[in-house]
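# Close look at the chain arrangement
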Amino acid sequence: MQNKVINIALVGCGRISEKHLTNIFKLQNHLNLIAICDNDVNKLNKTKKFISCLPQVNINHAKEIKIFNKYDDLLNKISLREVEIDLIVLCTPSGYHAEQCIKAGNLGINVCVEKPLATSLKDGYDILNCFKKSKANLFIVLQNRLNPTVRLVKKQIDKGK
């Protein structure tokens, strides 16, 4: 069985997006950036420039990346199957995560979201319920669990200290 390449739309072109983009292109045999989205045109332009400067990026591929400055426009193109996306990576401010996750989940799109997942317990449950009903998967970035200090604290908690 051949591995499927995962088509990605990255939403939110702030500082953390560069880490995601760098790793998407490092894994370009498995991941394919199709679109970027941000409501700030300056951030979109900065991100396009960042992408074109990555050593792994084919300049033709960089030119083919679709640009959206409205999340709902991206979702509309996905729902019309004009843009084929398997995964949306949300790098937006945390106050937008719940609404954006739910909109994608309702369309059956997998979501990888930066922490925190939600800013209220209700939003967290709303997201959970949406993805329980959906055929989509939800992934939350929790990279700090691997930090040495966090691992030490976890060991101490497990020991009852």
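For the structure itself, look to the data block above.
A brief structural summary. (Residues numbered from 1 in each chain as written. Predicted model: local features only at pLDDT ≥ 70, side-chain atom pairs only at ≥ 80, totals over all residues. Heavy atoms only, no water.)

Take the nonpolar core next. If you look at the biggest cluster of nonpolar residues, it comprises 25 residues, and the most contacted ones within it are Tyr71, Leu74, Ile78, Ile85, Ile88, Leu90 and Cys101. Mapped onto this core, the elements with two or more residues apiece are strand 1 (6-11), strand 2 (31-37), helix 4 (71-79), strand 4 (87-90), helix 5 (97-106), strand 5 (110-113) and helix 6 (121-133). No other element matches helix 4, which puts four residues into this core. If near-sequence neighbours (up to four positions away) are discounted, Ile78 is found in contact with Val83, Ile85, Ile88 and Ile109. Judged by nonpolar contacts, the second largest core, of 20 residues, contains Cys13, Leu33, Ile65 and Val141. (Core = buried A, V, L, I, M, F, W, Y, C linked by side-chain atoms within 4.5 Å. Buried < 20%, exposed > 50% of the residue type's maximum accessible area, 1.4 Å probe, protein only. Helix = DSSP H or I, 4+ residues; strand = E, 2+ residues; numbered from the N terminus. Contact = heavy atoms within 4.5 Å.)

Next up on the list: the pattern of salt bridges. Scanning the model with the defined rule gives six salt bridges in all. The salt bridge partner of Asp72 is Lys103, with a shortest N-O separation of 2.8 Å. Of this pair, Asp72 sits in helix 4 while Lys103 sits in helix 5, placing them 31 residues apart in sequence. Residues Lys122 and Asp126 are paired through a salt bridge, measuring 2.6 Å at the closest nitrogen-oxygen approach. (Salt bridge = Lys/Arg side-chain N within 4 Å of Asp/Glu carboxyl O.)

Here helix 2 (residues 41-53) spans 19 Å end to end across 13 residues, near enough to the 18 Å set by a 1.5 Å rise per residue. Listed in full, the buried residues belonging to helix 2 are Leu44, Thr47 and Ile51. For helix 2, the buried positions fall inside an angular range of 65 degrees around the axis, keeping them on one side. Seen from the buried face of helix 2, the exposed residues on the opposite side, beyond 90 degrees, are Asn42, Lys46, Lys49 and Cys53. Put simply, Asp40 is the residue that caps the front of helix 2, since its side-chain oxygen is 2.8 Å from the backbone nitrogen of Asn42. (Expected span 1.5 Å × (residues − 1). Arc of directions from axis to C-beta. Polar contact = N/O pair within 3.5 Å; in protein donor to acceptor, adjacent residues only side chain to side chain.)

Looking now at the sheet that holds strand 4. Spatial ordering of the open sheet is given by 3-2-1-4-5-6, a layout of six strands whose pairing is parallel. Both outer strands of the open sheet, strand 3 (66-68) and strand 6 (138-140), are each paired with one neighbouring strand and no more. Between one strand axis and the next, the sheet turns by 25 degrees as a mean value, whatever way the strands run. As paired elements, strand 2 and strand 3 share three bridges and run parallel to each other. Opposite Cys37, over in strand 3, you have Phe68 as the bridge partner. The strands touched by helix 2 are strand 2 and strand 3; relative to strand 2, the strand with the most contacts, the crossing angle is about 155 degrees. (Pairing = 2+ DSSP bridges. Axes fitted to C-alpha atoms, helices over the stretch in contact; angles between N-to-C directions.)

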